[in-house]
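Close look at the chain arrangement
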Amino acid sequence: MNIEIEWGAFAQVFIAAFIGATVLVSFYAMGLRLLVRAGRAPVVGPAEFTDAIAVISEKERQRAAKAAAKAAKRSPLTDGQKKLALFGAYACFAVCGGAVIFAILLIVFNH
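Residues numbered from 1 in each chain as written. Predicted model: local features only at pLDDT ≥ 70, side-chain atom pairs only at ≥ 80, totals over all residues. Heavy atoms only, no water.

Observations regarding the overall build of the protein
Put simply, the rule reads: Secondary structure follows DSSP: runs of H or I at least 4 residues long count as helices, runs of E at least 2 residues long count as strands, and numbering of each begins at the N terminus. Burial status follows relative accessibility: with a 1.4 Å probe on protein chains alone, a residue under 20% of its type maximum counts as buried, one over 50% as exposed, and anything between as partly exposed. Throughout, a residue-residue contact means that at least one pair of heavy atoms, one from each residue, lies within 4.5 Å. Residue-level accessible areas treat just the shown protein chains as cover; the underlying method is Shrake-Rupley with a 1.4 Å probe.
Within the protein one finds three helices and zero strands. Residues classed as buried in the protein amount to 13% of the 111 residues present. Across the protein, contacts joining residues at least 24 apart in sequence account for 63% of those joining residues at least 6 apart. Carbon and sulfur atoms provide 68% of the accessible area of the protein, an area that totals close to 9300 Å².

Things to note about the environment of Arg37
Relative to the helices and strands, Arg37 resides in helix 1 (residues 7-37). In sequence terms Arg37 and Lys82 are 45 residues apart; their C-alpha atoms lie 6.9 Å from each other. With residues up to four places along the chain from it excluded, the contact list for Arg37 reads Ser75, Pro76, Leu77 and Lys82.

Observations regarding helix 1
Our working rule: Given the number of residues in a helix, its expected span is that number minus one, multiplied by 1.5 Å.
Look at helix 1: 44 Å from first C-alpha to last across 31 residues, which is about the 45 Å you get at 1.5 Å a residue. A positive phi of about 85 degrees marks Gly39, the residue just after helix 1.

Side note on the packing of helix 1 against helix 3 (residues 79-109)
Stated precisely, the cut-off is as follows: Axis definition: a line fit to C-alpha positions, over the contact stretch in the case of helices; interaxial angles, taken between N-to-C directions, run 0 to 180 degrees. Just so you know how the angles are binned, under 35 degrees is roughly parallel, over 145 roughly antiparallel, 65 to 115 roughly perpendicular, and the rest oblique. Here a crossing is called left-handed whenever its near helix is offset anticlockwise from the far helix by less than a right angle, and right-handed whenever the offset is clockwise. Side-chain classes follow a simple rule in which Ala, Val, Leu, Ile, Met, Phe, Trp, Tyr, Cys and Pro form the nonpolar group, Asp, Glu, Lys and Arg form the charged group, and the remainder, Gly included, forms the polar group.
Two numbers describe how helix 1 lies on helix 3: the axes approach to 8 Å, and their chain directions differ by 155 degrees. Compared by their axis directions, helix 1 and helix 3 come out roughly antiparallel. Crossing handedness for the pair helix 1 and helix 3: left-handed. Note on element contacts: helix 3 touches helix 1 through Lys82, Ala85, Leu86, Gly88, Ala89, Tyr90, Cys92, Phe93, Val95, Cys96, Ala99 and Val100, opposite Leu24, Phe27, Tyr28, Met30, Gly31, Leu32, Leu34, Leu35 and Arg37. Each residue belonging to the contact of helix 1 with helix 3 can be placed in one class, and the counts come to 17 nonpolar, two polar and two charged.

Comments concerning helix 3
Between its terminal C-alpha atoms helix 3 stretches 44 Å, which fits the 45 Å expected from 31 residues at 1.5 Å a residue. All of the buried residues in helix 3 are Lys82, Ala85, Leu86, Gly88, Ala89, Cys92 and Cys96.

Quick look at the state of the cysteines
Our working rule: Criterion for a disulfide: a pair of cysteine sulfur atoms within 2.5 Å.
The tally for this structure, following the rule as stated, stands at zero disulfides. We note that Cys92 lacks a disulfide partner, and the nearest cysteine sulfur, in Cys96, lies 7.1 Å from it. In this structure Cys92 comes out as buried when scored by relative accessible area, which is 6%. By relative accessible area, which is 9% here, Cys96 ends up buried.

A look at a nonpolar patch on the surface
Operational definition: Think of a patch as exposed residues, more than 30% relative accessible area, with no salt bridge, where like charges cluster within 9 Å and nonpolar side chains (Val, Leu, Ile, Met, Phe, Trp, Tyr) cluster within 5 Å. A pairing counts as a salt bridge when a side-chain nitrogen of Lys or Arg comes within 4 Å of a carboxyl oxygen of Asp or Glu.
Taken together, the side chains of Met1, Ile3, Ile5, Trp7, Phe10, Phe14, Ile15, Phe18, Ile19 and Val23 define a hydrophobic patch exposed on the protein surface, amounting to about 1200 Å² of accessible area. Relative to the helices and strands, Trp7 resides in helix 1. Using a relative accessible area of 57% as the deciding quantity, one classes Trp7 as exposed.

Keep in mind these values describe shape, not function.
Laid out in structure tokens, this is it:
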């Protein structure tokens, strides 16, 4: 039994995965950044998990929500710029979702 590795195919898959991961993470980070610039900072409520390393309390969540609201008030952007940033954030998240759906379809139908 002789096993041969197609190194060209291996390199092709590695490069595609690296570029895909880089694009996905970049668009998600840009979407979060634009979401914050639009004055809609995501604040996550307290979670209760049995294996949680760190769980924020209700007081900490309220403090984070208050800080996000304060930062939104101080934003130097006009209302039009905030709407544009919000649209850009949603567009970035749409690109992320589209990339994930495309990858799943590629795996399912090209296998």
